[in-house]
Amino acid sequence: MAHYNTVLSLIKQVQLHSVPVDACTINIGINCYCHLNRVDFGFSLLGSVFKLGYEPTVVTFTTLIKGLFAQDKFSEAKNLLVKLVTEKQIEPNAVTYGTVINGLCKSGNTKIAIELLRSMETLNFEVERMVYCYSMIIDSLCKDRMISGAKNLLVEMTKKGISPDVVTYTSLIHGLCNFGQWKEVSELLREMVDRNVSPDVQMFSIVVDALCKEGMVREAEDVLDVMIQRGEVPNVVTYNALMDGYCLRSQMEEAHKVFDSMVNRGVQPTIISYTILINGYFKKRKIVEAMHLFKEVSHKGLNHDTIIYNNMLHGLLENGKFTLAEELFNEMLAEGRSPDVVTYNIMLDCICKNRQFAEAFSFFRSMQKSELYISIVCYNILIDAACKDGKLEIAKELVNELFSNGLQPNERTYNAIINGLCQEGSLDEAKELLTRMEDNGCFPSDITYNIIVRGFLKRNQMYEAMVLLEKMLESGFSAANSTIEMLVKVLPTREQDPTLLNMIRKLAPKDM
């Protein structure tokens, strides 16, 4: 951003020395203001164009339209184009239309973008520009999950003699991959070859990533082989996708082989590469290997960022290594890394799970004193810990505080309080909170119902438990195994209770 300010400063100095500036210089100034998200100043400079007797060009207005879209002023950008066309101030060119279509697509106004495309088609713009606009809309349709519309648009453009390029195909293939439509992906790849459009490294990486996310790692390896055979060099994104695929399947030996292969081919691993492997090792509970990789990062000339620290802290916490997590957090601070809200939430959860509620509460208050945004996630961690530690009054105070800070309790908040009330035997209050939860527009889940039903069963309040179970079934939820087990344990003492027997039959899995 600094160089834009420098350019604007130079323009002002030129004007102060009474050196005349031309329209081109003013356009540069407008462009700088737009990049600095000050399109209002850009329009002020537009006034200078008129004052100096110059005529604004299509470049001037295209720059301003782009600036309006950058500041999410979609209506103003569209209206400016309409005004230019209707008042015939200038003749918008293909770049102008492309800028508007790009802005409309990015703002989710794909339908309006298509309408604008139809207007463009009557103006006989060069084919290259039309390909660009079609590609943007196809990409936007795919992101809107409107795959059929994207496919139809591809067919339409080819019928009109507008040949799709690698960007067009990449957008549609990405969309098809997201929906697991592998047959159509294969057909499109063949179509590309027939049209002499060569898949590039980005397209291959997208396919590899999508296959890996579907657990089809062997197929992803085959795509990598084809990629290399075609002379495309896999980049770090390709290798990271393949590594992540093996990590998701807990095949850490294979994942590390990919890592080594990447290094042997001269592709430098990034901090993301290390983070992927570290997460994989933590999921396999291989803490030593994860710690070793973390230390290797700095030896390879890479800097630990907040994301890798967060992943390390989360992995240590999930594996019960609370002391190591606290030590790493202190190391992070000592290295001058700035923890974000995710870091603090992980650490708060770590302290709570280590049954150190007083320390957790103090840590939470220190978070509030910082400039960090305290979200509902953070409150939920502490409310849940307070309830489990038998400090229900503190939990209730935190809920009240949550409201005063403009936050709304969610399902997890209610579940924690209901569980706490059930644990201390305040079942009427728990039931009342369940009703209030629904009144507040936060609907209970199967977890909520199972918590409160088990609370009533523990206190042998069978009638209330049966009423709640019926309501749970009516809502389309099923009982957890632990809830069914509690009902079965009650059975010997109430063998003649037809309501209980009937409920157990309803809840029991069909194969029992």
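Now for a quick tour of the structure. (Residues numbered from 1 in each chain as written. Predicted model: local features only at pLDDT ≥ 70, side-chain atom pairs only at ≥ 80, totals over all residues. Heavy atoms only, no water.)

### Overview of the overall build of the protein
The helix and strand tally for the protein stands at 29 helices and zero strands. In summary, the protein has a C-alpha radius of gyration of 30 Å against a globular reference of 24 Å for 512 residues, an excess of more than 25%. The principal-axis extents of the C-alpha atoms in the protein amount to approximately 95 × 55 × 55 Å. Looking at the protein as a whole, 45% of its 512 residues qualify as buried. Taking as baseline every contact in the protein between residues at least 6 positions apart, the subset at least 24 positions apart corresponds to 59%. By element, 52% of the accessible surface of the protein is carried by carbon and sulfur atoms, the whole surface being about 26900 Å². Taken as two groups, the 53 positive and 63 negative side-chain charges of the protein have centres that lie 1 Å from each other. (Helix = DSSP H or I, 4+ residues; strand = E, 2+ residues; numbered from the N terminus. Rg over C-alpha atoms; globule rule 2.2 N^0.38 Å. Buried < 20%, exposed > 50% of the residue type's maximum accessible area, 1.4 Å probe, protein only. Contact = heavy atoms within 4.5 Å. Areas by Shrake-Rupley, 256 points an atom, 1.4 Å probe, with all protein chains shown as cover. Lys, Arg positive; Asp, Glu negative; His and termini not counted. Charge placed at Lys NZ, Arg CZ, Asp CG, Glu CD.)

### Digging into helix α21 (residues 357-369)
Note that an α-helix has 3.6 residues per turn; residues three or four places apart therefore point the same way. In this model α21 runs 19 Å from its N-terminal to its C-terminal C-alpha over 13 residues, within 8% of the 18 Å that 1.5 Å per residue would give. Residues of α21 that are buried include every one of F357, A360, F363, F364 and M367, and no others. The buried residues of α21 all sit within an arc of 115 degrees when viewed along its axis, so they share a single face. In α21, those exposed residues whose orientation departs by more than 90 degrees from the buried face are A358 and K369. (Expected span 1.5 Å × (residues − 1). Arc of directions from axis to C-beta.)

### Observations concerning the nonpolar core
Counting residues in hydrophobic clusters, the biggest one holds 169 residues, and the most contacted among them are I101, L242, L348, I383 and L487. Sequence-distant contacts of L487, defined by excluding residues within four places in its chain, comprise L457, M462, M466, L469, L500, M503, I504 and L507. (Core = buried A, V, L, I, M, F, W, Y, C linked by side-chain atoms within 4.5 Å.)

### Examining the packing of helix α26 (residues 446-458) against helix α28 (residues 481-490)
Their axes nearest at 10 Å, the elements α26 and α28 cross at an angle of 20 degrees. Relative to α28, α26 is oriented roughly parallel. Helix-helix and strand crossings are classified by hand; for α26 and α28 the assignment is left-handed. When α26 is examined against α28, the residues N450, V453, R454, L457 and K458 are found in contact with a partner set consisting of S482, T483, M486 and L487. Residue composition of the contact of α26 with α28, grouped by class: four nonpolar, three polar and two charged. (Axes fitted to C-alpha atoms, helices over the stretch in contact; angles between N-to-C directions. Parallel < 35°, antiparallel > 145°, perpendicular 65-115°, else oblique. Left-handed = near helix turned anticlockwise from the far one by under 90°. Nonpolar A, V, L, I, M, F, W, Y, C, P; charged D, E, K, R; others polar.)

### Notes on the packing of aromatic side chains
The relative placement of two aromatic rings is captured by the distance of their centres and the angle of their planes. The tally for this structure, following the rule as stated, stands at ten aromatic pairs. Ring centres of Y33 and F41 lie 5.4 Å apart, and the angle between their planes is 85 degrees; this geometry places the pair in the edge-to-face category. On the basis of relative accessible area, F41 is assigned to the partly exposed category, the value being 36%. The interplanar angle of 70 degrees and the centroid separation of 6.1 Å between the aromatic rings of F329 and F363 together place this pair among those described as edge-to-face. Taken together, the positions of F329 in helix α19 (residues 322-334) and F363 in helix α21 put the pair 34 residues apart, joining distant regions of the chain. By the ring-pair criterion, three or more aromatic residues cluster together here, those being F329, Y344 and F363. (Phe/Tyr/Trp six-rings, centres within 6.5 Å; stacked < 30°, edge-to-face > 60°.)

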